[in-house]
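Listed here are the chains, written in short residue letters.
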Amino acid sequence: MSFISEADASIVKKFFKNFYRKTYSKLYIPSRLPEREFGYFTFEKKLMIRHLSFNSPQELWERIIEETPLHIYHSAAFYKYPRAPMDAKGWLGAELIFDIDADHLKTPCRKRHDFKVCKRCRKAYPVSLDLCPDCGQSLMKVEWVCDLCLEAAREEARKLLSFLEDDFGFSKFRAAFSGNRGYHLVVEDESILELDQAERKELIDYITGTGLSMKLMGLEERIIDLETAPKLEDPSWRGRIAKAVFELLASQNYEVLREVAGDSIAQTLIDEIKEISKALGENVPWNLMRPRLRRTLFEAARELASAHIDVVVTQDIHRLLRLGNSLNGKTGLMAKMFNPDELDEFEPFSESVALPMDDELTVYVIKAPRFKLGEVEFEECENELKKLPAAAAILLLCKGAATLP
Amino acid sequence: MPSTSRLSILAKYPFLPEARRYISEYGLTLESFSDPAYSKIVERAKQRIVDAIRLGEGVDPSNMSEDEVVELASFPLAIILIAAIKDRFLARRFALTEASLATKLLLDDDSKTILRIAREVFGMDVKAEEAQAMAHEYSMGLRDYLKGSMTFNAPSWKLVNRIVIRGRVMITINELIRLMKDKVMEYVLENIEKAMSRPPKLPQNLQKIIDEIKSTLPSKRYEEEIISGESSPEAWPPCMKLIYQNVMKGENVSHFANFALASFLINIGMNLDDILKIFAHRPDFDQRIARYQIEHIAGLRGSRTKYTTPSCDTMKTNGLCVEDGKLCGGVKNPLAYFRRSLRRLRKADKDKAEVEGERS
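What you are looking at is a predicted structure, and each value in this text was computed from that prediction instead of being measured.

The rules behind the values
Residues numbered from 1 in each chain as written. Chains lettered and ligands numbered in written order. Predicted model: local features only at pLDDT ≥ 70, side-chain atom pairs only at ≥ 80, totals over all residues. Heavy atoms only, no water. Helix = DSSP H or I, 4+ residues; strand = E, 2+ residues; numbered from the N terminus. Buried < 20%, exposed > 50% of the residue type's maximum accessible area, 1.4 Å probe, protein only. Contact = heavy atoms within 4.5 Å. Areas by Shrake-Rupley, 256 points an atom, 1.4 Å probe, with all protein chains shown as cover. Domains from an automatic or database assignment. Buried area = accessible area lost by both parts, 1.4 Å probe. Salt bridge = Lys/Arg side-chain N within 4 Å of Asp/Glu carboxyl O. pLDDT = per-residue confidence, 0-100. Axes fitted to C-alpha atoms, helices over the stretch in contact; angles between N-to-C directions. Left-handed = near helix turned anticlockwise from the far one by under 90°. Nonpolar A, V, L, I, M, F, W, Y, C, P; charged D, E, K, R; others polar. Core = buried A, V, L, I, M, F, W, Y, C linked by side-chain atoms within 4.5 Å. Patch = residues over 30% accessible without salt bridge, like charges linked within 9 Å, V, L, I, M, F, W, Y side chains within 5 Å. Lys, Arg positive; Asp, Glu negative; His and termini not counted. Charge placed at Lys NZ, Arg CZ, Asp CG, Glu CD. Expected span 1.5 Å × (residues − 1).

## Here we look at the overall build of chain B
So, point 1. If you tally the helices and strands in chain B, you get 15 helices and four strands.
So, point 2. When the 360 residues of chain B are sorted by exposure, 50% land in the buried category.
So, point 3. Of the contacts formed within chain B by residues at least 6 apart in sequence, a portion of 71% connects residues at least 24 apart.
So, point 4. Only carbon and sulfur atoms are counted for the fraction: they give 50% of the accessible area of chain B, which is about 18500 Å².

Shown next as structure tokens:
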């Protein structure tokens, strides 16, 4: 809970309540509803209320409207006794879930748009400070999310979908924007429901390229046999490695290379790449590379081709997951569900706007970078009293970047 | 009477469902084995068990009887005998030996037969691939592959190093046979369990064989009660207890779990011979190799570094942590749990001694 004041929390709660009163029927109802565990945070307490279950959508809706939670979650798992304590629930299986969070990605924009706020002085400070220079109170971090962050997350989601469809052959998915910094993807195929943690870990390792062996691809031999080395048209990881290396050679994009190899080594490798690129034919010229370049390109390709997912989430077979189409209390945006086939077209900052844009609220903005909601663009501002569309005001209130005057 | 070729496949793979049918049609009962006419079958059944004790995975098809009926009928009989001996270690070792024998025969068999057995007998989701991806002639469904390959540690079995296309994992015929080996083992064990749950009355000559085999078994292997005093499992963390129990039951334990337990036991000061006795419960136990490995972990060989016990984090990563450490009160290494509970046990002993002292 990042609200600056109780009044901020209570006005946001009022808008949340109105939203749920009007649109409860659009909330996602997970399959096998009575076997799922539910949990939620209220606006008032920091503790999650969990081990709940609902026998019908009506029961769930009633509870949500009555309580107006800040965040609502349900289990990816099915239980015999969803209300029992963890070890007595009787696990029956769980969907395979993926969380892609821009927070885990090394987006360069983060340094630019994150800041800290002193709740007492209502002032913004750089992330590097821990205590308020004026009053000495500890500062609260405000993590901003921009188009670049979400584009990076979308790219990871794209790669993930390719692993899930092209490699694993899964066909039943649902996808949602998290309402904040990323995307959730859930595999519903019957065949995965009973996979245990260790088996899920194998899938995770595949998706993240963990344990991928250069040797088994025939790339550690002194003299490379192009017949057995990875080629562009190969399936699975072999093809991914070949394509990524080929692109690195063709585009001469050295940024990743520097990250993998370090600046000092990178330069000699870059000279070698330039030489090789001149004679770049139709496939990867593994045989022309010296072992060190081969290894560096392999590592860079693995980094580029793997999908950066939150591995803890996927391996946890008891994990709670944000309820689709519910509101995210960190932003007031909706955890909007969408068709995974339309990942490329999804526009998070307009499709997830669920609170009114035609209603207005006056708030004191401590700090806000430039942002866009729906069709409306908001200019950067700091220490300013502003009349904003309710959805935008609530976004800032939820983040602790603004407060009621 | 079935044709010879039919008999041949049944004799080679006596775990096939048709083999069972054939035996019941033949009208053999346990009583019939007291008839000297069937002495060859009884002898071969005994030989199967002796092979399990002596050869294990080194079993050789050349020990098979040329008489196919003998080969076929001796298999279920051996299972009944093993069940009557009631030694879990021997049961697993026998299952492993039979599975190894089947593996060796499968390697020489034609692919149609192999595929049929895999699919029809073991229900494996496997098929021949027309367009072979890099010399992989077969493919297995992702889920079956995961279930089957989990206990293998070689990087080449790891999913990330496989060719996986639309839910099919490409495998070679040899890999398929390796996966089938575990299925045969499971099958044999299940049948021993079944036979154990309803023990039949055995004719005298069979009872005599059982006694004979029992007397040749390596005298008393290590049983739980032998571990006493300060290294007793009572003081061990849940993760180590669980691996230990699985080893003692002769179950398949991953390479890493074995390493974790061995390094734990070395670090709590158990002597190497006692550790070796615990690992002797592995069905594929090889005294020489196991001793070398344990001495290596203890730092007596190779790099001469004594290995420390994997941390709780590492145990978690390898899926060996029990209940997310909830039972362990926030320790970071399984050894810390042991030291802590040892202190508690010592204190409890001291308290007890004091109470008793007061009484006297």
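## Considerations on the domain arrangement of chain A
Residue and element names in this part refer to chain A.
So, point 1. In terms of domain boundaries, chain A breaks down into domain 1 (6-105 + 146-203 + 310-355) and domain 2 (211-305).
So, point 2. Computed from C-alpha atoms alone, the centre-to-centre distance between domain 1 and domain 2 is 38 Å.
So, point 3. Carbon and sulfur atoms supply 35% of the area buried between domain 1 and domain 2, which totals about 360 Å² over both sides.
So, point 4. Of all residues in domain 1, the largest losses of buried area upon contact with domain 2 belong to K159, F163 and D167, amounting jointly to 92% of the total for that side.
So, point 5. Linking domain 1 with domain 2 are one salt bridge, by the criterion used here.
So, point 6. Between D167 and R240 there is a salt bridge, and its shortest N-O distance comes to 2.9 Å.

## Let's talk about the confidence of the model for chain B
Residues and elements named next belong to chain B.
So, point 1. Residues with a pLDDT of 70 or more make up 89% of chain B, whose mean pLDDT is 83.
So, point 2. Low pLDDT (under 50) marks residues 1-6, which in the prediction has four contacts with non-local residues, meaning those over four places away or in another chain.
So, point 3. Below pLDDT 50 for its whole length, residues 220-228 participates in 21 contacts with residues either more than four positions away or in separate chains.

## A short note on the packing of helix α6 (residues 111-121) of chain B against helix α8 (residues 173-197) of chain B
Helices that pack against each other are described as a pair by the angle of their axes relative to one another and the distance between those axes.
Residue and element names in this part refer to chain B.
So, point 1. The geometry of α6 relative to α8 is characterised by a closest axis approach of 11 Å and an angle of 35° between their N-to-C directions. The two elements α6 and α8 meet at a crossing, and its hand is left-handed. Across from S111, I114, L115, I117 and A118 in α6, the residues of α8 making contact are I173, L176, I177 and M180.
So, point 2. The residue makeup of the contact of α6 with α8, split by class, is eight nonpolar, one polar and no charged.

## Things to note about the nonpolar core
For soluble globular proteins, the rule of thumb is that nonpolar side chains tend to be buried together.
So, point 1. Within the largest apolar cluster, 205 residues are counted, with the highest numbers of intra-cluster contacts made by L164(A), F168(A), F170(A), F15(B), L159(B) and L176(B).
So, point 2. Here this core gets 13 residues from one element, more than from any other, and that element is α8(B).
So, point 3. Beyond its immediate stretch of four places on either side in the chain, L164(A) contacts F98(A), G169(A), F170(A), F173(A), L185(A), V187(A) and I207(A).
So, point 4. M248(B), I266(B), V322(B) and F338(B) belong to the second-largest nonpolar core, a separate cluster that totals 34 residues.

## Quick look at a positive patch on the surface
So, point 1. On the surface, R339(B), R340(B), R343(B) and R344(B) cluster together into a patch of positive charge.
So, point 2. Checked against the element boundaries, R343(B) lands in helix α15 (residues 334-359).

## Let's talk about helix α3 (residues 39-54) of chain B
So, point 1. An ideal rise of 1.5 Å per residue puts 22 Å on 16 residues; α3(B) measures up with 22 Å between its terminal C-alpha atoms.
So, point 2. Directly beyond the C-terminal end of α3(B), a positive phi value near 55° is found at G56(B).

## Some words on the interface of chain B and chain A
So, point 1. Between chain B and chain A, the contact holds 20 residues from the first and 27 residues from the second.
So, point 2. For the pair chain B and chain A, the summed buried surface comes to about 2100 Å²; carbon and sulfur atoms form 61% of the total.
So, point 3. Among the residues chain B hides against chain A, the three largest losses belong to K158(B), V160(B) and R166(B). Together they make up 26% of the total.
So, point 4. Counting the contacts that link chain B with chain A gives four salt bridges.

## With respect to the domain arrangement of chain B
All names here are of chain B.
So, point 1. As far as domains go, chain B holds domain 1 (4-108 + 187-216), domain 2 (111-179) and domain 3 (224-355).
So, point 2. Taking only C-alpha atoms, the centre of domain 1 and the centre of domain 2 are 29 Å apart.
So, point 3. At the interface, 10 residues of domain 1 touch eight residues of domain 2.
So, point 4. A buried area of about 750 Å², summed over both sides, lies between domain 1 and domain 2, and 81% of it is on carbon and sulfur atoms.
So, point 5. The three residues of domain 1 that bury the most area against domain 2 are F15, L106 and L107, which together make up 49% of that side's buried surface.

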